[in-house]
Amino acid sequence: ESTMADYMKVNLYKESKLQEIAAGYQALSDRYKAEGREFLLYIPTNKEQIYSEYMPDNLIPSSGESRTDQLVDYLHENTDVHVIYNKEALLDAKTDAYPIFYQYDSHWNPVGGFIGEQLIRKELTGESTSLSDLEVKKTEDKEPFDLAAVAGYSPDTVIPDEWKVFGYKDDVEVEKTREGVEDLDPIIHTDRSNASDPRKVLVIYDSFVYNMMEYLDKDFQSVTYLEDTQSAKQFIKNSNPDIVILEIVERRSNQVENVWRELLNP
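It should be emphasised that the depicted structure is a prediction, and the values quoted were computed from it without experimental measurement. (Residues numbered from 1 in each chain as written. Predicted model: local features only at pLDDT ≥ 70, side-chain atom pairs only at ≥ 80, totals over all residues. Heavy atoms only, no water.)

(A) Examining the overall build of the protein chain more closely. Secondary structure summary: the protein chain contains ten helices and nine strands in total. Taking 18 Å as the expected radius of gyration for a compact globule of 266 residues, we find that the protein chain reaches 19 Å, a close match to that expectation. Seen along its three principal axes, the alpha-carbon backbone of the protein chain occupies a region of about 50 × 50 × 35 Å. Counting over 266 residues, the protein chain shows a buried share of 51%. Relative to all contacts within the protein chain whose residues are 6 or more apart in sequence, the contacts with residues 24 or more apart total 72%. A total of about 12,900 Å² of accessible surface is found on the protein chain, and carbon and sulfur atoms cover 47% of it. Distance between charge centroids for the protein chain: 3 Å, based on 28 positive and 52 negative side chains. (Helix = DSSP H or I, 4+ residues; strand = E, 2+ residues; numbered from the N terminus. Rg over C-alpha atoms; globule rule 2.2 N^0.38 Å. Buried < 20%, exposed > 50% of the residue type's maximum accessible area, 1.4 Å probe, protein only. Contact = heavy atoms within 4.5 Å. Areas by Shrake-Rupley, 256 points an atom, 1.4 Å probe, with all protein chains shown as cover. Lys, Arg positive; Asp, Glu negative; His and termini not counted. Charge placed at Lys NZ, Arg CZ, Asp CG, Glu CD.)

Okay, here's the thing in structure tokens:
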């Protein structure tokens, strides 16, 4: 993955590559629109973009745009694809009161996940909830530690307690299921709730969706999560979702560049 190159801003796209990617996502968006669906490309930012003060002093990024800034700006200016890159929203929400990423892990925590999910809700419904209207507090659950593991910590190491969001749509009841769909392998993960929005959502995701699931489930009555494009294409054919969200974290830019091909191809 391209985390360091993203941070140093040394992996910018050529114009021809931007044109290729934009044309691909426009074609994908047009296909879904013709089928009566909404499409949203969602790119969560890398942790280093939010907590750059913890990076080594001898790593000085180039000035100007990052690779993802460049791509998102190009998509906004040259297509009508719905795309969200949440870097600015997370920087605006950053506070000394609580973290929005795990201290010992590369992923955002449930607080960052809430901020990120509300951007989806705003894009798809026009509504959002401010974190200031809810309660953020530390729990006894221990945070994950992929970065700590790289540094040699063991699973027995004491890792800080996790921060979570409380009070969001407590009246919405969610049922989590794992079910099979005819001709679809692997088993899929579908959550259903009594949310007010009846639309059926498909999320094609990586690990950054995990801390958005709780909130997505309370915003839409049916949310299905799939990790691979082949299963996603079969699900779209069999189950006809109203909304398709493609989530790929910034550091997996090779996937951002190419996954539209997999979804467009038969």
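And the narrative resumes.
(B) The arrangement of the nonpolar core in detail. Among the nonpolar cores identified, the biggest contains 36 residues, and Ile100, Val111, Ile120, Val203 and Ile245 are the most heavily contacted of them. Contributing elements (two or more residues each) for this core: β1 (38–43), α6 (110–125), β4 (161–166), β7 (197–204), α8 (213–219), β8 (220–226) and β9 (243–247). Broken down by element, this core gets its largest block of residues, five residues, from α6. Aside from chain neighbours lying at most four places away, what touches Ile120 is Leu40, Tyr42, Ile84, Met212, Leu216 and Ile245. (Core = buried A, V, L, I, M, F, W, Y, C linked by side-chain atoms within 4.5 Å.)

(C) How the structure looks around the side chain of Asp191. Its place among the elements puts Asp191 in strand β6 (residues 188–193). Reaching out from Asp191, the side chain makes a polar contact with the side chain of Lys176 at a distance of 3.1 Å. The contacts of Asp191, once residues within four sequence positions are left out, are Val174, Glu175, Lys176, Thr177, Asp217, Gln221, Ser222, Val223 and Tyr225. (Polar contact = N/O pair within 3.5 Å; in protein donor to acceptor, adjacent residues only side chain to side chain.)

(D) Inspection of helix α2 (residues 15–34) at higher detail. Taking 1.5 Å of rise per residue, 20 residues should cover 28 Å, and α2 covers 28 Å from first to last C-alpha, within 8% of that figure. Within α2, the full set of buried residues consists of Leu18, Ile21, Ala22, Gly24, Tyr25, Gln26, Leu28, Ser29 and Tyr32. Residues of α2 that are buried in the fold lie against β1, α4 (67–78), α9 (229–239), β9 and α10 (253–264). Once α2 ends, the next one or two residues include Gly36, with phi positive near 85 degrees. (Expected span 1.5 Å × (residues − 1).)

(E) Looking closely at the pattern of salt bridges. Taken as a whole and assessed by the stated rule, the structure comprises 18 salt bridges. Of the charged contacts, one joins Glu35 and Arg37 as a salt bridge, the two residues approaching to 3.0 Å between their closest N and O atoms. In this structure, the salt-bridge partner of Arg199 is Glu38, at a minimum N-O distance of 2.8 Å. With Arg199 in strand β7 and Glu38 in strand β1, the pair connects residues that are 161 residues apart, well separated along the chain. Residue classification places Glu38 among the partly exposed positions, given a relative accessible area of 31%. (Salt bridge = Lys/Arg side-chain N within 4 Å of Asp/Glu carboxyl O.)

The analysis is restricted to geometry; functional conclusions fall outside its scope.
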